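Analysis of the macromolecular model
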Amino acid sequence: MEINDYIKANWVLFKQIYNDDIVLDAVRKQIYADARRLIKYAEYLLSGKWQKLVGMPPIFILSTLALSLKPVFNKFIKMRFNESVFYDTMSDIKIWGEDYRAHHNGEVGITEINWLHLHFECEIFKFGRLQYQISKYYFEKSTEIKGRVIKYGDTIYSIHIPRGAKLDSVSAKKSITLAVDTLEDIFRDIPTDIMMCDSWLLSPYNKRFMSSNSNIIKFANMFNLINVTNGATQHFRWIFDIIEDEKIFEKCKKKNGYYYNLIDYNPQTKLQADCKEYVLAGGELSGGRGLLITKNIIG
């Protein structure tokens with residue numbers, strides 16, 4: 001395929017994924033200025049050599065992703081996924097691209113190649129509200145649940161919760177149902193009866209400052225908690241939108257992990273206000289690891 005044809009084939013997909021004129025204009029200029037080099041790095045990404053993109057300029061990384069879409073689209077279709085699954089999965093590009101812009105004064109680019117390479121290697125798929133990664137079990141050496149023993153290193157789906165719409169029970173159940181129906185048909189050797197999740201959303205401490213009727217608590221209650229992990233940076237990242245390269249996290253002597261001083265933080269939401277009050281009163285935060293029995297959700 002000629003270079004111009006290759007660019008056009010990828011560009012059609014990128015425009016549907018990232019329909020923002022400012023971003024499209026910036027990426028277009030980068031492509032026309034450095035097309036051959038970008039295609040070379042796209043080949044690296046598609047062959048599993050994504051580490052070569054680490055440290056590259058954010059606009060270069062985003063442009064490389066833009067020129068890597070068509071081969072992945074073809075692979076999704078060959079694997080018998082619907083086109084909608086491809087677009088839902090690749091919507092993560094815009095989510096992380098907008099996150100980068102928000103923290104860099106509107107600059108166009110992306111840096112999360114250590115995460116997004118999974119999408120291009122067809123190891124993660126999004127169905128509606130949730131994402132499902134083909135992963136390995138790492139919570140414990142072994143865990144027995146519902147008469148089944150899951151051992152360290154066993155292949156298992158890991159659930160991720162991207163930024164976006166509300167995490168309500170209806171959308172979560174709909175996503176899980178669609179994921180099980182689709183994945184068990186495509187990857188017949190990977191069990192769908194039990195899935196894992198490692199997230200701040202599953203922290204048992206959340207119940208101390210969140211309502212029992214909150215979407216986060218309802219989502220957490222879907223899982224069997226396996227263990228609690230140290231650290232609070234995810235709460236600061238996803239509740240307060242504070243990232244480590246912007247703010248200094250100080251080691252808290254009385255708690256596990258690093259905590260940001262919220263005294264001068266101005267809450268914009270009730271969740272931010274409640275969490276701030278809880279932390280300043282000495283409350284502890286953590287991560288949580290849990291297992292989901294899918295039959296309990298979809299019947």
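One structure accompanies this document, and this report is about it. Quantities reported herein were computed from a predicted structural model and do not represent experimental measurements.

Cut-offs used in this document
- Residues numbered from 1 in each chain as written.
- Predicted model: local features only at pLDDT ≥ 70, side-chain atom pairs only at ≥ 80, totals over all residues.
- Heavy atoms only, no water.
- Helix = DSSP H or I, 4+ residues; strand = E, 2+ residues; numbered from the N terminus.
- Rg over C-alpha atoms; globule rule 2.2 N^0.38 Å.
- Buried < 20%, exposed > 50% of the residue type's maximum accessible area, 1.4 Å probe, protein only.
- Contact = heavy atoms within 4.5 Å.
- Areas by Shrake-Rupley, 256 points an atom, 1.4 Å probe, with all protein chains shown as cover.
- Lys, Arg positive; Asp, Glu negative; His and termini not counted.
- Charge placed at Lys NZ, Arg CZ, Asp CG, Glu CD.
- Pairing = 2+ DSSP bridges.
- Axes fitted to C-alpha atoms, helices over the stretch in contact; angles between N-to-C directions.
- 1 Å grid on protein atoms, 1.4 Å probe; cavity = no way out; pocket = protein on both sides within 12 Å on 5 of 7 lines; lining within 4 Å.
- Points joined across faces, edges and corners; volume = space filled by probe spheres on them.
- Nonpolar A, V, L, I, M, F, W, Y, C, P; charged D, E, K, R; others polar.
- Parallel < 35°, antiparallel > 145°, perpendicular 65-115°, else oblique.
- Left-handed = near helix turned anticlockwise from the far one by under 90°.
- Right-handed = clockwise from strand over helix to strand, strands pointing away.
- Core = buried A, V, L, I, M, F, W, Y, C linked by side-chain atoms within 4.5 Å.

1. Things to note about the overall build of the chain
- Counting secondary structure elements, the chain contains 11 helices and 10 strands.
- For 299 residues, the compact-globule formula gives about 19 Å, and the C-alpha radius of gyration of the chain, at 20 Å, lands near that figure.
- Taken along the three principal axes of its C-alpha coordinates, the chain extends 60 × 50 × 35 Å.
- For the chain, the residues scored as buried account for 52% of the 299 residues in total.
- In the chain, the proportion of contacts linking residues at least 24 apart, taken out of those at least 6 apart, comes to 70%.
- As displayed, the chain has an accessible area near 15,300 Å², and 48% of this comes from carbon and sulfur atoms.
- Averaged over its 40 positive side-chain charges, the chain has a centre that lies 2 Å from the centre of its 35 negative ones.

2. A short note on the sheet that holds strand β2 (residues 130-136)
- Taken in spatial order, the six strands make up an open sheet running β1-β2-β5-β6-β10-β7, and their pairing is mixed. The open sheet has two edge strands with one neighbour each: β1 (124-127) and β7 (224-229). Across the sheet, the mean angle from the axis of one strand to that of its neighbour is 30 degrees, orientation sign disregarded.
- In this structure, β1 lies alongside β2, joined through four bridges in antiparallel fashion. Paired with phenylalanine 125 across the strands is tyrosine 132, a residue of β2.
- Packing against the sheet, helix α6 (residues 113-120) makes contact with β1, β2 and β5 (155-160), and its axis sits at approximately 90 degrees to β2.

3. Comments concerning the layout of surface pockets
- Empty space within the largest pocket amounts to approximately 1,300 Å³.
- In this structure, the largest pocket is lined by 38 residues; those nearest its centre are Ile161, Arg163, Trp200, Leu201 and Trp238.
- Where the lining of the largest pocket is concerned, the elements lending two or more residues are α5 (83-103), α6, β5, β6 (194-199), α8 (215-220), α9 (233-238) and α10 (270-280).
- Tallied by class, the residues present in the lining of the largest pocket amount to 17 nonpolar, 11 polar and 10 charged.

4. Quick word on the packing of helix α1 (residues 3-17) against helix α2 (residues 21-46)
- Direction vectors running N to C along α1 and α2 enclose 110 degrees, while the axes themselves pass 11 Å from each other. With respect to α2, the axis of α1 lies roughly perpendicular. Once α1 is placed against α2, the crossing between them reads as right-handed. Contacts between α1 and α2 involve Ile3, Tyr6, Ile7, Trp11, Phe14 and Lys15 on the former and, on the latter, Val23, Leu24, Val27, Arg28, Ile31, Ala35, Arg36, Ile39, Ala42 and Leu46.

5. Details of the environment of glycine 164
- Relative to the helices and strands, glycine 164 is located in the loop between β5 and α7 (169-186).
- For glycine 164, a relative accessible area of 63% puts it in the exposed group.
- It is 8.0 Å that separates the C-alpha atoms of glycine 164 and isoleucine 95, two residues lying 69 residues apart in sequence.

6. Some thoughts on the pairing of β6
- With five of six residues buried, β6 lies mostly within the body of the structure.
- Here β5 pairs with β6 via two bridges, running parallel. Residue pairing across strands places tyrosine 157 opposite methionine 195, the latter belonging to β6.
- Handedness of the β-α-β unit built from β5, α7 and β6 comes out right-handed.
- In the sheet, β6 pairs with strand β10 (residues 287-293) via six bridges, with the strands oriented antiparallel. Its bridge partner being in β10, methionine 196 is matched across the sheet by leucine 291.

7. Let's talk about the nonpolar core
- With 92 residues, the main nonpolar core has Phe14, Phe81, Phe86, Ile93, Phe125 and Tyr132 as its most contacted residues.
- At 11 residues, α2 tops the list of elements feeding residues into this core.
- Sequence-distant contacts of phenylalanine 14, defined by excluding residues within four places in its chain, comprise Val23, Leu24, Val27, Leu62, Ala66, Leu69 and Ile93.
- Membership of the second largest hydrophobic core comes to nine residues, among which are Phe139, Ile145, Ile194 and Ile293.

8. Focus on the environment of proline 71
- Relative to the helices and strands, proline 71 resides in helix α4 (residues 69-78).
- Look at proline 71 and you get partly exposed, because its relative accessible area is 32%.
- A sequence separation of 202 residues divides proline 71 from alanine 273, and the C-alpha atoms of the two residues are 45 Å apart.
- For proline 71, the residues in contact, after removing those within four places along its chain, are Tyr6, Asn10 and Leu46.

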